[in-house]
Structures are given as C-alpha cells and as structure tokens.
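What the coordinates show
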Amino acid sequence: MNLRCKEVAAAALLWFGTATAMAAGYPERPVTLVVPFPPGGVADTIARPLAQAMGEKLGQPIVIENKGGAGGAIGIGQAGRAKPDGYTLLMSLSSISILPAADRLLERKPAYQLEQFVPIARITADPTVLVVRADAPYKTLAEFIDAARNQGGKLSYGSSGIYGTMHVPMEMLQSAAGIKMMHVPFTGAGPAVQALVGGQVDALATGPSSVMQLIQAGRVRPLAHWGDGKLDSLPQVPSLKSLGYDASFVQWSGVFALAGTPPAVIDTLRQAVKDIVNDPGVQARIAGTGSPVQYLDAPAFDEYWKKDSASLEVAVKRIGKVE
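Residues numbered from 1 in each chain as written. Predicted model: local features only at pLDDT ≥ 70, side-chain atom pairs only at ≥ 80, totals over all residues. Heavy atoms only, no water.

Quick word on the overall build of the protein chain
- Each helix and strand in the protein chain was counted, giving 11 helices and 11 strands.
- Relative to the compact-globule value of 20 Å for 323 residues, the protein chain shows a C-alpha radius of gyration of 21 Å, a close match.
- Per-residue burial for the protein chain yields a buried fraction of 54% across its 323 residues.
- Counting only contacts in the protein chain whose residues sit at least 6 apart along the sequence, the fraction spanning at least 24 positions is 78%.
- Accessible area for the protein chain stands at about 13900 Å²; split by element, carbon and sulfur atoms hold 54% of it. (Helix = DSSP H or I, 4+ residues; strand = E, 2+ residues; numbered from the N terminus. Rg over C-alpha atoms; globule rule 2.2 N^0.38 Å. Buried < 20%, exposed > 50% of the residue type's maximum accessible area, 1.4 Å probe, protein only. Contact = heavy atoms within 4.5 Å. Areas by Shrake-Rupley, 256 points an atom, 1.4 Å probe, with all protein chains shown as cover.)

Here it is as structure tokens:
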C-alpha cells in the first residue's frame, strides 16, 4: 500500500470512528424538526403528536420549527442546508416532490433537490378533501361545479402556495370538470383554512386533519375527495372518481433526514418512529387529527416516494405554467 492509499484509508477510518462515536450517543441534545408550513396545517398537526412521542422515545426534546412560505419550498430549502448529523429533521408533505418539478417547468433554480434528503418513514397518506363553508349555497359537488361554471372564474379557492398540495389537486379538478376558478395562495394550509372560515375564499382542497374539527363542529362542509374509495374518517363523502371526474391526489406526510447522515443515526431514527407508530396510544392521537397512520419504513417509503415523485412530475407538466 503506497503512502497516498494509507492516508485515504486512515482518513476513512477516522471518519467512520467519528461517525460511529457520534451515533452511539445520539441524540445528546434537542433535535429540530422543521415543518415547512405555518401552524394549523396538515404537516403541523401530524408533526406535533409525533414530535412529542419521538422526544419521549429518544430522551431528548424534538423541537418543531415552523418555516412557512412558497408552498413549503422555504422551509424545505432551509432544512436541506443543515448539517447532516441527525439534529435537523424534516416533516414534509408530498409537495416536497412537486416543487422542484415546478421550478424546472418555470425555468428557475429549485430551492432544493430531492437528493438532499433520505426518507425515515411515511406517517400518513390521505386523499385531499374539497371543503366549503357550511353556509355556502352548494350542498353537493354538482352544485359547486355549476356555481364555478356560472361565475366565470370568480369562484375562489385558497391554497398553501403555487404548485403546493392544495393547489395541484384543484388544478386537476378544474381540468377534469372543465371549469376555471380564482386561485388565492397563502403561506400554508393553516392561513388558507382560516381564510375559508373567514369568507375570504370560497373553497379549498386539503388533507382531512386540517379541517376535521371544523367539519365536526359544522363550520365547513366536505363535498368530495380525491381518493379511490371511501375515507375511514369521512365515509359519507364521495370520491371525485365515483362522481365521474378523473382526478386523484394523495397528500402524504413523512419524516426525512439529510443525505450523509451517519447510518447508525438513521437506524436509530427509523427504529424510534417504528416503535412510536406501533404504539396504540400514539396511533389514536394521530388518528384523532383526522389522518390515521399509514406507516411505511424507510425502504418501502423510498420506493413509494420515487414512484409518487415521477407521477407528480407528470401532473405538474400536464398543468403547465400557472400563476
């Protein structure tokens, strides 16, 4: 072995030893979980019970940092620039896959690349739900579609940002139904939901967890969902497909670490989340948000993520450039 090879081998051993030692004591301080949306949205409502349970399991606080804006791109981009040591994690929705594809379509530099992240676990996976205020004049999807058609683009809907998980499904519905509505983007699902309740917009598409309490309180009305069958949380709500509209969209939530995080740290996180989501108490707390656990461990989630990303990129290209 020549001198150069010996130096490379020594450096590799040093790195391995340092990474192993770091992983052995992980975590030794609080861990930040970046949620790239304001409080009150799907990602936030799922992250809070998960973070509490993870903190108890790992023996260190999991501190949620809400960083909203640009449909999630600002927070995801911030997380992507963190040190890959396991002390910064990301709770994202399926918008993580949409935004780089949208940036390429718009010929601008993406805020991040998917290769910057490695999946830890998928937590939930729900079709988005179309909701309107309870005092809205339309009681069914047919009445809503007629209203949109008759108002000539004046019927409005809120979203978490352009090409986000609340925007893309509504673009799909407009295409399938042959209607045009006015898009009003906000910094996240929480502000968009408040805008609906406050009368600033007429409708929105979102995961069940961000509107379930409002549905149960009789303040908003679900008209349809973007799934393939019945929703356990809203069994009376029909799917768009069952009503003759070819539009489907699943808003999933998942936990990610940074690429380059030591494998032992990844394994610790994977096992912690696996133990947590198998706990009946944690399952009940997450299900209580309106989104039951749909857990996938890292290998299965990685495969699912790749297929979903490819499908969403096709959807973004089909939608084209929008404002």
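Digging into the packing of aromatic side chains
- Tallied over the full model, the rule gives 9 aromatic pairs.
- Each ring, one from Tyr138 and one from Phe144, has its centre 5.4 Å from the other, and the planes form 85 degrees; the classification is edge-to-face.
- The class of Tyr138 is buried, set by a relative accessible area of 6%.
- Their ring planes at 75 degrees and their centres at 6.4 Å tell us that Trp252 and Tyr304 sit as a pair that is edge-to-face. With a gap of 52 residues between them, Trp252 in strand β10 (residues 250-258) and Tyr304 in helix α11 (residues 298-319) connect regions that are remote in the sequence.
- For Tyr304, a relative accessible area of 23% translates into the label partly exposed. (Phe/Tyr/Trp six-rings, centres within 6.5 Å; stacked < 30°, edge-to-face > 60°.)

Some thoughts on the sheet that holds strand β1 (residues 31-35)
- Overall, mixed pairing links the 6 strands, which are arranged β2-β1-β3-β10-β4-β11 in an open sheet. Both outer strands of the open sheet, β2 (62-66) and β11 (293-297), are each paired with one neighbouring strand and no more. Taking the axes of each pair of neighbouring strands and ignoring which way they run, one obtains an average angle of 20 degrees across the sheet.
- Note that strand β4 (residues 117-127) and β10 share 9 bridges and pair antiparallel. For Thr124, the partnering residue across the bridge sits in β10 and is Ser253.
- In the packing of helix α3 (residues 73-80) onto the sheet, contacts are made with β1, β2, β3 (88-93), β4 and β10, and the angle to β3 comes to roughly 150 degrees. (Pairing = 2+ DSSP bridges. Axes fitted to C-alpha atoms, helices over the stretch in contact; angles between N-to-C directions.)

Some thoughts on the packing of helix α2 (residues 42-58) against helix α10 (residues 280-287)
- It is at 9 Å that the axes of α2 and α10 come closest, and there the two elements cross at 160 degrees. Accordingly, the angle class assigned to the pair α2 and α10 is roughly antiparallel. Crossing handedness for the pair α2 and α10: right-handed. Across from Ile46, Pro49, Gln52 and Ala53 in α2, the residues of α10 making contact are Val282, Arg285 and Ile286.
- Grouping the constituent residues of the contact of α2 with α10 by class yields 5 nonpolar, 1 polar and 1 charged. (Parallel < 35°, antiparallel > 145°, perpendicular 65-115°, else oblique. Left-handed = near helix turned anticlockwise from the far one by under 90°. Nonpolar A, V, L, I, M, F, W, Y, C, P; charged D, E, K, R; others polar.)

Brief notes about the pairing of β2
- When β1 meets β2, the two strands line up parallel, connected through 5 bridges. Bridge pairing in β2 links Thr32 to Val63.
- After leaving β1, the chain enters α2 and then returns to the sheet as β2, a path that is right-handed. (Right-handed = clockwise from strand over helix to strand, strands pointing away.)

Some details on the confidence of the model for the protein chain
- Taken over all residues, the pLDDT of the protein chain has a mean of 91, while the share at 70 or more is 92%.
- Per-residue pLDDT stays below 50 along residues 8-12; that stretch engages in 0 contacts with residues further than four places along the chain or on separate chains.
- This stretch, residues 14-22, has a pLDDT under 50; its non-local contacts, to residues over four places away or in other chains, come to 3 contacts. (pLDDT = per-residue confidence, 0-100.)

Details of the pattern of salt bridges
- Inspection of the entire model under this criterion finds 12 salt bridges.
- In this structure, the salt-bridge partner of Lys241 is Asp228, at a minimum N-O distance of 3.0 Å. On the criterion of sequence distance, the pair formed by Lys241 in the loop between β9 (220-225) and β10 and Asp228 in the loop between β9 and β10 is long-range, its members being 13 residues apart.
- One network of salt bridges, in which partners are shared, links Asp267, Arg270 and Asp297. (Salt bridge = Lys/Arg side-chain N within 4 Å of Asp/Glu carboxyl O.)

Side note on the pairing of strand β5 (residues 129-133)
- Most of β5 is tucked away: 5 of the 5 residues are buried.
- Summarising the sheet, β5 and strand β8 (residues 203-206) pair through 4 bridges and their orientation is antiparallel. Residue pairing in the sheet places Val129 in a bridge with Thr206 of β8.
- The sheet contact formed by β5 and β9 spans 5 bridges and is antiparallel. Bridging from a neighbouring strand, Leu130 pairs with Ala224 of β9.

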